[in-house]
Every structure is written in structure tokens, then in C-alpha cells.
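Here's the letter readout for the chains.
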Amino acid sequence: MRGSWKLVTRWGAVLLWAGVAAAAQAEEPIVDQAQPEEPIIEVQAIRVEGRRLLKPHFDGSDARTVIEREEIEAREPQALVDLLREQAGVVVTSSGGPGKNTSVSLRGSNSNQVRVLIDGVLVGSSTTGSYNWANLSSHDIDHIEIIRGPQTTIYGASAMGGVIQIFTRAPEPGISASASAGYGNRGHRTAGVRVSGGTEAGIHASFAMEHTTINGVSAYRPDYSKNSNLEVDPFRNTTTSAQISAPVGAGRVRLFWRRADAQTELDTFGADNESFDQDTRQRSMGVDWRHPVTDNWATRLLLSQHDDRIVGEDPNLSFNTFDIESKRRQAAWTHDVEWGDFSFLGGVDLEVERAVNDSAAIREGTRRTGIFGQLRYDVERVGASIGVRREWNNRSDDKWTYQLGGRVTLLEGLDLLANFGTAFRAPTLNELFFSGPFGAGNRELEPETSRGGDLGLRWKGECECGLQWNADIRAFHQTFESLIEFRDQGGFFYVPENVERARMSGAEVALRLDWKSLWISTSYTRLRTRDTDGFHLARRPRNLGRLSIGGEWWDRFRAEVVLHAVGRSFSGSRMQNPVKGYWTADLHLSAEITSYLTARLAVRNLTNHGYEEVDSFGTLPRMAFFSLEVAY
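Conventions and cut-offs
- Residue numbering note: each chain is counted from 1, following its sequence as written.
- In view of the model being predicted, local features appear only for residues whose pLDDT reaches at least 70, and side-chain atom pairs are presented and counted only at 80 or more, with totals across whole chains, interfaces and linings using the full set of residues.
- By convention in this description, side-chain values take in all heavy atoms of the structure and omit both hydrogens and water.
- A run of H or I in DSSP counts as a helix once it spans at least four residues, and a run of E counts as a strand once it spans at least two, with each numbered from the N terminus.
- Exposure classes here rest on a 1.4 Å probe applied to the protein chains alone. A residue is buried below 20% of its type maximum, exposed above 50%, and partly exposed in between.
- When checking whether two residues touch, look at their non-hydrogen atoms; a contact exists if any pair is within 4.5 Å.
- For the accessible areas, the method is Shrake-Rupley and the probe is 1.4 Å, while residue cover comes only from the protein chains on display.
- Criterion used throughout: strands pair if DSSP finds at least two bridges between them.
- We call two N or O atoms a polar contact when they sit within 3.5 Å, provided that within protein one can donate a hydrogen and the other can accept it, with sequence-adjacent residues counted only if both atoms are side-chain atoms.
- What is meant by a nonpolar core is a set of buried Ala, Val, Leu, Ile, Met, Phe, Trp, Tyr and Cys residues, joined one to another through side-chain atoms within 4.5 Å.
- A pair of aromatic rings is counted whenever rings of Phe, Tyr or Trp (Trp by its six-membered ring) have centres within 6.5 Å, and the orientation is called stacked for planes under 30 degrees apart, edge-to-face for over 60 and tilted otherwise.

Chemist: Go over the overall build of the protein, please, and point to the residues and values.
Modeler: The number of helices and strands found in the protein is five helices and 33 strands. Counting all 632 residues of the protein, 52% fall into the buried class. Put simply, 61% of the contacts in the protein that link residues at least 6 apart link residues at least 24 apart. Element-wise, carbon and sulfur atoms account for 57% of the exposed surface of the protein, whose accessible area totals about 29,000 Å².

Chemist: Go over the pairing of strand β9 (residues 189–198), please, and point to the residues and values.
Modeler: The pairing of strand β8 (residues 176–184) with β9 spans eight bridges and is classified as antiparallel. Note on β9: the bridge partner recorded for Ala179 is Val193. Where β8 folds back on β9, the antiparallel hairpin that results is connected by four residues, among which Arg186 adopts a positive phi of roughly 55°. Judged from the 10 bridges that link them, β9 and strand β10 (residues 204–214) form a sheet pairing that is antiparallel. Residue pairing across strands places Ser196 opposite Ser206, the latter belonging to β10. Taking the residues between adjacent antiparallel strands as the criterion, β9 and β10 are bridged by five residues, where Gly202 takes a positive phi near 90°.

Chemist: Explain the side chain of Ser196 to me, and be specific about the residues and the numbers.
Modeler: Note on placement: Ser196 falls in strand β9. The exposure class of Ser196 is buried, given its relative accessible area of 2%. Here Glu172 takes part through its side chain, which lies 2.8 Å from a polar atom of the side chain of Ser196.

Chemist: Provide a residue-level description of the nonpolar core, including the pertinent values.
Modeler: By size, the foremost hydrophobic cluster in this structure holds 26 residues, and its most contacted members are Leu84, Trp133, Ile144, Ile164 and Ile166. Among the elements of the structure, α3 (81–84), β2 (90–94), β3 (102–106), β4 (114–118), β6 (141–148) and β7 (162–168) are those that each provide at least two residues to this core. Core analysis: the next-biggest nonpolar cluster, separate from the first, contains 11 residues, Ala559, Ile593, Ala599 and Leu601 among them.

Chemist: Provide a residue-level description of the packing of aromatic side chains, including the pertinent values.
Modeler: For the coordinates displayed, the defined rule picks out seven aromatic pairs. Ring centres of Trp339 and Phe342 lie 6.1 Å apart, and the angle between their planes is 15°; on these two criteria the pair is classed as stacked. According to the relative accessible area criterion, Phe342 is partly exposed, its value standing at 34%. Ring plane angle 65° and centroid distance 5.2 Å describe the contact between Trp459 and Trp469, whose orientation is recorded as edge-to-face. One end of the pair, Trp459, is in strand β23 (residues 448–462); the other, Trp469, is in strand β24 (residues 467–488), with 10 residues separating them in the sequence. For Trp459, a relative accessible area of 42% puts it in the partly exposed group. Taken together, the aromatic side chains of Trp339, Phe342 and Tyr377 make up a single cluster linked through ring pairs.

The structure is reproduced here in C-alpha cells:
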């Protein structure tokens with residue numbers, strides 16, 4: 001504890017000095033040299049979000065949150081998932097410290113009911129249907145987009161709770177480069193580089209790499225006192241990415257590749273296990289071609305593949321020795337057309353999944369094909385959208401889904417929003433084909449289905465005093481049918497069945513106030529979940545909240561304090577294994593010492609609270625981390 005406080009005070013003093021120096025530098029007079037007058041050309045940046053190729057006229061009705069690159073860099077999260085914890089409607093749980101299995105749910109859904117895309121590529125394991133967020137680094141990430149609510153119609157199967165999209169930084173014209181290094185307690189070290197460039201012919205390329213190590217904590221914590229000194233479970237992760245893009249006629253083609261290699265130690269059966277190691281490899285690659293057919297019609301073709309491999313080794317326990325490989329291949333051809341106040345988005349998706357897990361006797365695959373279309377109408381005071389999807393699956397029932405959305409401007413800056421839709425999730429390869437001494441798959445499973453929506457207000461405005469505000473308030477409800485659950489058939493032998501039904505309802509509030517260089521940002525989620533028998537669902541806290549207070553001075557110094565509060569929950573089904581509520585505080589400081597050098601300090605769990613996210617699994621104590629970044 002003393003070491004971490006010494007690190008905080010030492011680097012806090014360095015950042016304070018850097019801020020004073022930056023202020024002095026900012027106040028130096030600037031010599032105004034005469035420049036020849038040139039015509040002013042206003043350029044408006046247009047971001048491509050998800051499948052959208054053309055820019056919508058007005059904000060849609062979706063419950064959508066975007067985390068910008070500036071916030072990602074300023075927060076410097078140990079893992080990218082740490083930023084998701086702060087967003088409305090998002091629940092994050094980790095079974096231990098860094099590198100341990102980490103899941104994300106939206107509005108109370110299961111983790112395999114959330115669709116995760118990186119640069120449009122479907123990621124995650126085809127055996128479980130979930131994405132393990134523990135290995136996703138924030139290095140080279142441009143922004144994150146979270147869409148809550150049923151989204152199967154536009155984004156495909158498994159988007160029952162919503163969609164999370166991660167976008168990496170695109171190569172920039174000209175030559176640019178950056179290098180960073182960081183140091184913290186508990187063996188936390190990072191080093192990263194990024195190089196980007198482009199030619200006059202329009203060929204752009206970039207390369208990025210980051211390596212992280214951290215000693216972490218024991219994944220197993222046997223008592224609630226949180227004072228036990230157990231062996232640590234170290235974590236190492238190396239993330240590498242590269243991409244190149246070039247003009248092709250009036251359009252552009254981009255080739256991209258990303259890989260994360262991680263190693264961690266695990267515990268098992270309610271005890272420390274120093275011999276259980278796990279290696280994880282996640283790799284994505286693809287080709288993305290975008291072409292404007294006319295001024296109002298754009299097309300996109302995306303071909304991609306995601307590989308996920310997990311290898312467990314334990315010389316003392318054969319159950320912990322495994323080698324699981326899964327592949328997800330995807331082809332998506334979409335068209336985006338605009339005419340007047342109307343726009344249309346439509347296309348066809350093809351997804352092929354395959355897995356090899358000899359320990360579970362799985363060497364199988366699935367194939368899904370979907371056709372979808374969405375019509376949208378946007379004017380100044382009214383907006384509406386309607387979408388429909390048909391999907392065929394060679395391993396389970398085919399499904400229709402639809403989605404409706406509406407927006408009405410009540411006053412200037414104040415919109416009334418409503419959404420409703422249906423969604424589904426096809427059975428995973430584990431649920432269909434798993435075979436082992438304690439369970440077996442079920443090839444007769446039907447897809448999980450859901451229906452629901454939200455109603456809310458969005459208010460954006462400012463007053464003459466300079467105060468600006470942005471608020472989004474939603475009430476939501478969603479019903480899930482035919483949920484798949486492994487049921488005991490007798491003799492501790494489990495088989496998945498379509499037996500469960502669940503309801504999720506609640507409210508989300510997100511508010512941000514900006515005044516001059518200061519801001520206050522907060523989010524709150526009230527979540528109520530019920531299964532068939534009226535029990536709370538596991539790992540769904542009823543209350544989650546976040547409060548952020550910060551400011552920027554002289555465009556060089558930034559300070560922010562973030563408070564997190566998570567209510568009581570249960571780790572097991574039928575409200576078993578309760579987990580106490582907790583709160584933590586984080587501190588983030590950064591200073592631009594020169595135009596090329598930036599220093600940052602992050603202190604997480606500032607008050608050193610002991611807490612759990614999952615019953616009997618460890619979490620990190622106070623963590624201080626200092627880094628320097630050089631960029632030109």
C-alpha cells in the first residue's frame with residue numbers, strides 16, 4: 001500500500017510541475033507573422049458508423065452511446081472493457097483479476113446475447129457464442145459505439161441485448177508516429193508503438209503494437225475479509241495490428257489484420273492452483289471495399305475471418321488440459337441509398353462458424369444467411385424507421401425479425417424517442433454438440449427469442465451563461481423466451497433445454513454538463529430481472545451508477561475523478577451466492593508537456609476498497625500507473 005501511495009505522490013508532483021510548465025508556455029506571446037490570404041475551405045468530417053455508409057440527416061431514436069478517442073486516451077484503461085463499466089445499461093463482470101474471463105451484458109441480457117464487432121468483424125468464440133473482453137487492449141482504438149436494445153434486424157443473430165462496435169484508428173495521410181511506455185505497481189508495465197503514413201497516390205498504411213504485463217491477483221479469494229495474501233496470477237498480452245488502404249476507382253479498399261496473444265494463470269475448484277496456465281489467441285483479418293455508385297447510393301462489401309484459440313495446460317489435473325479452436329467467417333454486402341428525406345439500408349449476410357474441441361468431441365460447424373432492409377424517414381421535427389430481416393440457419397429454425405423506431409421533436413433540442421423490436425439467438429456449437437462425462441449437447445434446440453423496446457427523452461441545449469447539457473433518459477422492457485439452460489438429467493449429467501423465460505426492465509439515465517473548461521458527467525441504471533420462478537438473474541446488480549467530475553486547462557492539463565457504485569447481486573442462479581454492493585474511486589491526470597510529449601497518471605480504486613464482482617473471485621487493490629507518450 002505504501003509503495004502505491006509513493007508512486008501516486010511522486011508522479012502527481014511530476015504532472016503538477018508539467019501542468020505549471022505547460023501553462024507558462026501557453027501564456028508566452030505569439031508572434032503574428034503576415035501570411036498571404038487564401039480562400040477558406042470548410043471541410044465537414046463524416047464518420048462511418050457500423051454498416052452506415054451515408055450520413056443520416058438527424059440523430060436516430062436508438063439508445064446509442066459513443067466513447068471517443070480523446071476519452072480513451074485520457075483514461076488509459078488497463079483493458080478497454082474498463083470504459084464500458086461506466087456506461088448506462090452496461091454490466092461488466094470479471095472472474096478474477098486481469099486476463100480472467102470477462103463478460104459484458106446490455107440491459108440484463110446474457111453475454112452471448114450481445115453482438116461484438118471490431119471494424120465490422122464478428123468476434124468471439126463459436127463454441128460459447130461470447131466474446132472474452134479480458135484481452136482487448138485500448139491501444140490503437142479510435143472509438144467505441146454501444147447500441148442497446150434488440151438489434152438483430154440490422155446486425156444479425158445474437159444481438160438480442162444490443163451491439164458493441166469497436167473501431168480502430170485509420171491510417172492518416174502523411175507520416176506520423178508515436179511511442180509510449182508505462183510503469184505501475186504490482187508489476188504493471190506497458191510499451192507500445194504506432195506508425196502511420198500515406199502517399200500522394202492515396203495509399204495509406206499503419207502498424208501498431210503494444211505489450212502489457214501485470215502480476216495481478218489470485219483469481220480465487222476464499223473469504224470475505226479480502227485480507228488474504230494468496231499467490232498472484234500474472235497476465236501478459238501482446239496486441240499487433242496492421243492495415244493498408246488504397247483508392248480503387250471512385251471507391252476505396254482496405255485490408256486489415258489484428259492479433260492478440262495472451263497468457264495468464266488460473267485457479268480451479270475453489271483453491272489456488274499454481275500449475276494451471278492458459279494461452280489465448282484472438283486474430284481477425286479482412287477486406288473492406290466501399291464504393292459510391294452515385295451521389296446518393298453507396299455499396300460496401302466486407303469479407304472477414306475471426307479465429308479464437310484457447311489452450312489450457314495443467315500437469316496435475318487433466319480436466320484443465322484442453323485445446324479449443326473456433327473460426328467465424330463472414331461476408332456482408334450492403335447498400336445505402338438516400339433520396340430526399342428518405343433513406344434505405346439493405347443487404348445480405350453470410351456467416352459460417354466452425355469449432356474443434358477434441359476434449360468435448362466437437363468438430364462441427366453452422367451456416368447462417370440473412371437478408372435485411374431498413375427504411376428511414378428524417379425531417380427536422382419527425383423521424384421514423386422500419387426494418388425487417390429473414391435469416392436461415394442450417395442447424396436450427398429460420399427466423400423473421402422486425403424493428404421500429406420513432407423520433408418527435410417536442411421543443412428545440414428536446415426529442416421524444418421510442419423503439420420496439422424482436423430478436424433471436426441461435427444455439428451455439430457447445431449447446432448443440434458438446435459431449436463429455438458430465439453433459440451432452442441437444443441438436444433439437446430452438447433459437448432463443450425476445451421482444452421489447454424503450455421509451456425516452458433526449459435533451460441537448462445550452463444557455464447564455466455558456467452552460468451546455470446533453471441528457472438521455474430511457475425506460476425499457478424486454479421479454480426473453482425459450483432461453484437455453486443446462487438442466488440436470490439425473491446423476492450430475494446435464495443437457496441444454498429450451499426451458500427458461502425471463503423479463504428485463506428498468507431505466508437508464510445519462511447526463512453531461514459542460515461549462516467553460518469544466519464538466520460533470522453521470523450515468524445511472526436501474527435494472528430489474530426475473531426468471532420463470534420470479535428469481536433475480538445471476539450477476540445482474542439492481543443499481544449501477546457513475547459520477548465523473550473533471551476539467552481541462554490551457555488545452556494542456558486535464559484532471560478527472562470518477563466514482564463508481566454497484567449494488568448487491570448474486571453469482572448463482574435462484575439468488576444464490578450473494579455479492580455485496582461496493583463503490584470505488586478513480587483518478588486520471590494528464591499533461592501535455594510539449595506538443596510532442598504527454599504524461600499521464602491513472603490511479604484506480606483510489607481508496608483501496610476490497611470488493612468482488614463474482615463470489616469468491618479476486619479483484620485488484622489500489623493500482624497506480626504512470627505513462628509517457630511521444631508523438632509526431
